[in-house]
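Single-letter residue listing:
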Amino acid sequence: MATKYAEWFWKVFTVVLGVIIIPLAGWVWNTNVALAQLQNDLGDAEDTVVVIEKKLTEAETNSRAIISIEKDIEYMKQTLDRIEDLGASI
């Protein structure tokens, strides 16, 4: 009689484990797949950030060059105005 209860207990225990373990295995699998996708997306995002940082550096260099050119143009205008003033006074 004890063997019957042991067999019955083992069968119930196996069914309960199956009901718990199989869904958990599916959840772990889905979580692992989602994590892998996030890691891939993060890698792509990091590459995009590097490209944007390079463009930002180039833009800063270009803006400094533009400011320098504007200052040179302003200096040339002032020099031409002085030359015109000298020519008009003669």
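Above this text you will find the structure in question.
Attention here is on the structure that accompanies the text. Nothing here was measured: the structure is a model prediction, and the numbers come from that model.

1. Some thoughts on the overall build of the protein
For step 1, the next point in the chain: When you go through the protein residue by residue, the secondary structure sums to 1 helix and 0 strands.
For step 2, the next point in the chain: In terms of C-alpha radius of gyration, the protein reaches 38 Å, well past the compact-globule figure of 12 Å for 90 residues.
For step 3, the next point in the chain: Seen through its C-alpha atoms, the protein measures out along the principal axes to roughly 130 × 15 × 10 Å.
For step 4, the next point in the chain: Here the protein, with 90 residues, has 0% of them falling under the buried criterion.
For step 5, the next point in the chain: Element-wise, carbon and sulfur atoms account for 68% of the exposed surface of the protein, whose accessible area totals about 8500 Å².

2. Focus on the packing of aromatic side chains
Any two aromatic rings considered together are summarised by their centre-to-centre distance and by the angle between their planes.
For step 1, the next point in the chain: Counting across every chain of the model gives 2 aromatic pairs.
For step 2, the next point in the chain: On the numbers, 6.2 Å between centres and 20 degrees between planes, the contact of Phe-9 with Phe-13 is stacked. Remark: Phe-13 and Phe-9 occur in helix H1 (residues 2–89); sequence separation between them is 4 residues, near one turn of the helix.
For step 3, the next point in the chain: Looking at Phe-9, the relative accessible area reads 54%, which means it is exposed.
For step 4, the next point in the chain: Here Trp-10 and Phe-13 contribute two aromatic rings whose centre-to-centre distance is 5.7 Å and whose plane-to-plane angle is 35 degrees, an arrangement assigned as tilted. Note that Trp-10 and Phe-13 are positioned in helix H1 at a spacing of 3 residues, about one turn of the helix.
For step 5, the next point in the chain: A residue is classified by how much of its surface remains accessible, and Trp-10, at 55% relative accessible area, is exposed.
For step 6, the next point in the chain: Judged by relative accessible area, Phe-13 falls into the partly exposed class, the value being 37%.

3. Topic: the environment of Ser-63
For step 1, the next point in the chain: Looking at the secondary structure, you find Ser-63 in helix H1.
For step 2, the next point in the chain: Residue Ser-63 is classed as partly exposed on the basis of its relative accessible area, which comes to 35%.
For step 3, the next point in the chain: A distance of 2.8 Å separates the side chain of Ser-63 from the backbone oxygen of Glu-60, its partner in a polar contact.

Conventions adopted
- Residues numbered from 1 in each chain as written.
- Predicted model: local features only at pLDDT ≥ 70, side-chain atom pairs only at ≥ 80, totals over all residues.
- Heavy atoms only, no water.
- Helix = DSSP H or I, 4+ residues; strand = E, 2+ residues; numbered from the N terminus.
- Rg over C-alpha atoms; globule rule 2.2 N^0.38 Å.
- Buried < 20%, exposed > 50% of the residue type's maximum accessible area, 1.4 Å probe, protein only.
- Areas by Shrake-Rupley, 256 points an atom, 1.4 Å probe, with all protein chains shown as cover.
- Phe/Tyr/Trp six-rings, centres within 6.5 Å; stacked < 30°, edge-to-face > 60°.
- Polar contact = N/O pair within 3.5 Å; in protein donor to acceptor, adjacent residues only side chain to side chain.

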